[in-house]
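Spelled out from the first residue to the last, the chains are:
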Amino acid sequence: MQSIRNIAIIAHVDHGKTTLVDKILHQTQIFRDNEKTGDLILDNNDLERERGITIIAKNISVNYKGTKINIIDTPGHADFGGEVERVMNMADGVILLVDAFEGPMPQTRFVLSKALEMGKKAVLVINKVDKENCRPEEVHEKVFDLFFHLGATEEQLGFPTVYGSSKHGWMGHDYKNPTTDVIPLLDLIIEYFPEPPIYEGTPQMLITSLDFSTYVGRIAIGRISRGSLKENQPVSLVKRDGTIKKMRIKEVFVFEGLGRRKAEEITCGDLCAITGIEDFEIGDTIADFENPEALTPISVDEPTMCMLFTINNSPFFGKEGRFVTSRHIRDRLYKELEKNLAMRIVDTESPDSYLVYGRGVLHLSILIETMRREGYELQVGQPQVITKEIDGQRYEPIENLTVDTPEEVAGKVIELVTQKKGELKIMEPKGDLQHLEFEIPARGLIGLRSNILTATAGRVTMAHRFKSYEPWKGVISGRISGVLLAKENGIATPYSIDRMQDRGYFFIDATESVYAGQVIGQHIRPDDLLINVCEPKKLSNMRASGSDDNVRIAPSVKFSLEECMEYIEKDEYLEITPKSLRMRKVYLDENLRKRMSRKEEAI
Ligand SMILES: Nc1nc2c(ncn2[C@@H]2O[C@H](COP(=O)(O)OP(=O)(O)OP(=O)(O)O)[C@@H](O)[C@H]2O)c(=O)[nH]1
Ligand SMILES: [Mg+2]
């Protein structure tokens, strides 16, 4: 039987996991076929490519020196931490990647603590040693301390270290002497990590992950921990609650390169994908038909944030989207549940609105962006963090936040974080930057990133990670500035925008259609200001076209989807169509808005 290694690559976001896996695929392919295969791109869905982040963990598999190495590339963003924890169940060891400049970051700590808890051995890869100002030795020391603080066993503390540059496609034992390939890492993987243990007997596979195909439906992914599984084999599906369903496997696949290859039988220790299993959930066991024995189920993480999804009821309803009714939105949301593990949907009293629960702003925004590209039109409310009631007291999620920024703007950052009830815990120099660590309520983080980016002119790296639930920290003030609101429906004119420029900055361009109650800009004052932006130019001036006005107008500020989600307040919606993002007041009519806000205050 072929020798196997199952490993997961874990790290903080952007430390270079996917680049490394791409290089491993590329180079092992070359060594086998002796021909160039071109760049292999693992982040394969549109959103992953555009954003340059991994959203879904992926299995790939390569053959090296006669050993099959199954590699799981994991996402580094904190919203997907639960996914990393879950897929590590399939691995016998982990490659911990750390950026040679940044060093260990909040997500490094989280994923490493989970790996160590699960008893995995790790190989440390100090990546990006090609970067100027990198500090591989210091980073090595920091990672060692981290292992120690996280309670690594003596064996785990003996982790070997490889240095290199995923980007340039090399890994070696000495960062001062670049090699020409990633072979030193592959050799170490084979030497250092154990072969998966082989247990004979009736089959057992814990369903750890899933995939979805429109042709065959849901595909169960996991590692065979005992016996073997064959195509067309009758099996039992043991649910988390102990109920057992009899069914038949259709096809079984092993991972190969970037894809999957159909197999007849898959044996213990290997990772596989199985079709034909109906109604399964993560954590269920596929077991023997006659004598099913369940494995300990694993859990999927709980949502941390929720948002109201509702139909678009703005005056522009239906103009830009193809799927706009509550039926469309409902069906689409429920379909999402089939593959999006950490998501939940709760119906509300209104048939037009749903509460969607997810793992964070990014997790939810990815769904929204996907829907938008599919032609959906909808509105969402302000993201809300989920609080808990413990012994009659309200608790809220607190996060660790780290910010690295030039010294001259560190004061501003501290001020902004403190305004949101953040507490400064650590402040130390890191290269020529200041390294700040805070504890801050998760709700304080909403909108903070864009404020900090603006205040520091983008010269920051920020990361946060859930710490614990703690007693409610009290009211956090919302947006610092008020907004500019359109007073009436119409088309914005360069003339009126120009006239109002001293009141703030605009989110819209001249000649854009607007409606009453739409948020069209940010006010320089803390209160909201209703303005008329649709006034035509006075005719007294005979050079009528307004071309001279255009020249003077400052360019509008365009927010990304996430920025909009974080910008809106409780009394606002974000209108999302395939073409536009518009922020608006929930109550478009001024009088109604005033009445409702008085009512709200009275409560
Ligand atoms: N200078 C340098 N840049 C690198 C290196 N490895 C990766 N990068 C760059 O770092 C960025 C992030 O790389 P990815 O491989 O997407 O990082 P990741 O860890 O998969 O990120 P997530 O999946 O989002 O957690 C990309 O712009 C890479 O080109 C390296 O060795 N040196
Ligand atoms: Mg990645």
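Look up: the structure comes first, before these words.
Remember, it's a predicted structure, so these values are computed and weren't measured experimentally.

Cut-off values and rules
Residues numbered from 1 in each chain as written. Chains lettered and ligands numbered in written order. Predicted model: local features only at pLDDT ≥ 70, side-chain atom pairs only at ≥ 80, totals over all residues. Heavy atoms only, no water. Buried < 20%, exposed > 50% of the residue type's maximum accessible area, 1.4 Å probe, protein only. Helix = DSSP H or I, 4+ residues; strand = E, 2+ residues; numbered from the N terminus. Pairing = 2+ DSSP bridges. Donors = N, O, S within 2.8 Å, 3.2 Å for Na, K, Ca; no water. Core = buried A, V, L, I, M, F, W, Y, C linked by side-chain atoms within 4.5 Å. Phe/Tyr/Trp six-rings, centres within 6.5 Å; stacked < 30°, edge-to-face > 60°. Lys NZ or Arg CZ within 6 Å of the ring centre and 35° of its normal. Axes fitted to C-alpha atoms, helices over the stretch in contact; angles between N-to-C directions. Near = heavy atom within 4 Å. Polar contact = N/O pair within 3.5 Å; in protein donor to acceptor, adjacent residues only side chain to side chain. Areas by Shrake-Rupley, 256 points an atom, 1.4 Å probe, with all protein chains shown as cover. Nonpolar A, V, L, I, M, F, W, Y, C, P; charged D, E, K, R; others polar.

*Asks:* Just give me the short version of the pairing of strand β8 (residues 204-213), but keep the residues and values in it.
*Replies:* When you tally the buried positions in β8, you get eight out of ten residues, the bulk of the element. The hairpin formed by β8 and strand β9 (residues 217-226) contains three residues between the paired strands. For β8 and strand β17 (residues 285-288), the ladder comprises three bridges, and the chain directions are antiparallel. Paired with Met 205 across the two strands is Ile 286, which belongs to β17.

*Asks:* Describe unusual backbone geometry, listing the residues and the values that go with them.
*Replies:* The phi angle at Asp 14 is positive, at roughly 70°, despite the residue not being glycine. Position of Asp 14 relative to the elements: it lies in the loop between β1 (3-11) and α1 (17-33). Phi angles above zero are rare outside glycine, and Lys 65 is one such case at about 50°. Topologically, Lys 65 is positioned in the loop between β2 (58-64) and β3 (67-73).

*Asks:* Would you mind going over the coordination of the magnesium ion (ligand 2) in detail, with residue names and values included?
*Replies:* Protein coordination at the magnesium ion (ligand 2) comes from Thr 18 (OG1) and Thr 54 (OG1), with a distance range of 1.9 to 2.0 Å. Placement of Thr 18 in helix α1 and of Thr 54 in the loop between α2 (46-51) and β2 is noted, with a sequence separation of 36 residues between them. Taken as a pair, Thr 18 and Thr 54 share a single burial class, namely buried.

*Asks:* How would you explain the nonpolar core if you had to name every residue and give the values?
*Replies:* Core analysis: the largest hydrophobic core is formed by 37 residues, its most contacted members being Ile 10, Leu 96 and Phe 147. It is helix α4 (residues 106-117) that provides the largest number of residues to this core, a total of five residues. Core analysis: the second largest hydrophobic core is formed by 33 residues, Ile 329, Met 371, Val 483 and Ile 576 among them.

*Asks:* Could you give an account of the packing of aromatic side chains, with specific residues and numbers?
*Replies:* Across all of its chains, the model carries eleven aromatic pairs by this definition. An angle of 40° between the planes, with centres 4.8 Å apart, marks the rings of Phe 323 and Tyr 376 as tilted. Remark: Tyr 376 occurs in the loop between α9 (361-373) and β21 (378-380) and Phe 323 occurs in the loop between β18 (305-310) and α8 (326-337); sequence separation between them is 53 residues. Under the relative-accessibility criterion, Phe 323 is labelled partly exposed at 23%. If you follow Arg 443 out to its NZ or CZ, it ends over the ring of Trp 472, 3.6 Å from the centre.

*Asks:* Give me the sheet that holds strand β16 (residues 271-274): which residues, what numbers.
*Replies:* Taken in spatial order, the eight strands line up as β12-β11-β17-β8-β9-β16-β13-β14 in an open sheet, and their pairing is antiparallel. The two strands at the open ends of the sheet, each matched to only one other strand, are β12 (244-248) and β14 (259-263). Averaged over all neighbouring strand pairs, the angle between strand axes comes to 40°, with direction disregarded. Judged from the five bridges that link them, strand β11 (residues 234-238) and β12 form a sheet pairing that is antiparallel. Residue pairing for β12: Val 238 is matched across the bridge by Ile 244.

*Asks:* Talk me through the site of ligand 1; I want residue IDs and the actual numbers.
*Replies:* Around ligand 1, the structure places 19 residues, and the nearest of them are Lys 17, Thr 18, Thr 19, Thr 54 and Asp 130. In the model, a nitrogen atom of ligand 1 is placed 2.7 Å from a nitrogen or oxygen of the Asp 130 side chain. Ser 166 has a polar backbone atom sitting 3.0 Å from an oxygen atom of ligand 1. Calculation on ligand 1 without its partners gives an accessible area of 660 Å², and the protein chains cover 82% of this total. If one sorts the elements of the shell around ligand 1 by residue count, α1 sits on top with three residues. Class assignment for the residues of the shell around ligand 1 results in three nonpolar, ten polar and six charged.

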